[in-house]
Amino acid sequence: ANGVPLSCAVVKEGGVYRMYLIANDGAAYYLSSADGVNWSPPGTTQLVVHGAPFAWNGSGLEGISIRRESPASMEMWYGGQTLNGEYSIGQATNP
């Protein structure tokens, strides 16, 4: 990630640890590891970026929760905040 991790979720599938994190740069990232200690280079896979200044997530992203039914199917929930402090929950999915 291109910032300091604020929150993360880690899932182990087979022999691979998968980390989904929200960083203080306002984006969500994916990292992987074979041992849970050494992770793929930070910032290589960006999943979600905070929105435009007046969007529901324009002030940044917070919190993260992951649900995987299979390696090919993932749901991610995360919080977003507007510039005036209102919070909402967003969902991102892959196929």
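Just above sits the structure.
Strands sit in the order S1-S2-S3-S4 across an open sheet of four strands; the sheet is antiparallel. The outermost strands of the open sheet, each flanked by one partner alone, are strand S1 (5–13) and strand S4 (46–49). Each strand of the sheet is rotated relative to its neighbour by a mean of 20°, with strand direction disregarded.

Here three strands make up an open sheet; going across it, the order is S5-S6-S7 and the pairing antiparallel. If you trace the sheet from one side to the other, it starts and ends with strand S5 (60–70) and strand S7 (87–93), each paired once. If you compare each strand with its neighbour and ignore which way they point, the axes differ by 20° on average. One ladder, built from seven bridges, connects strand S6 (residues 73–81) with S7; its direction is antiparallel. Counted as the bridge partner of Gln-81 is Tyr-87 from S7.

In this fold, Leu-6 is placed in strand S1. In contact with Leu-6, other than residues within four places in its own chain, are Ile-22, Ala-23 and Asn-24.

What counts, and where the lines are drawn
Residues numbered from 1 in each chain as written. Predicted model: local features only at pLDDT ≥ 70, side-chain atom pairs only at ≥ 80, totals over all residues. Heavy atoms only, no water. Pairing = 2+ DSSP bridges. Helix = DSSP H or I, 4+ residues; strand = E, 2+ residues; numbered from the N terminus. Axes fitted to C-alpha atoms, helices over the stretch in contact; angles between N-to-C directions. Contact = heavy atoms within 4.5 Å.

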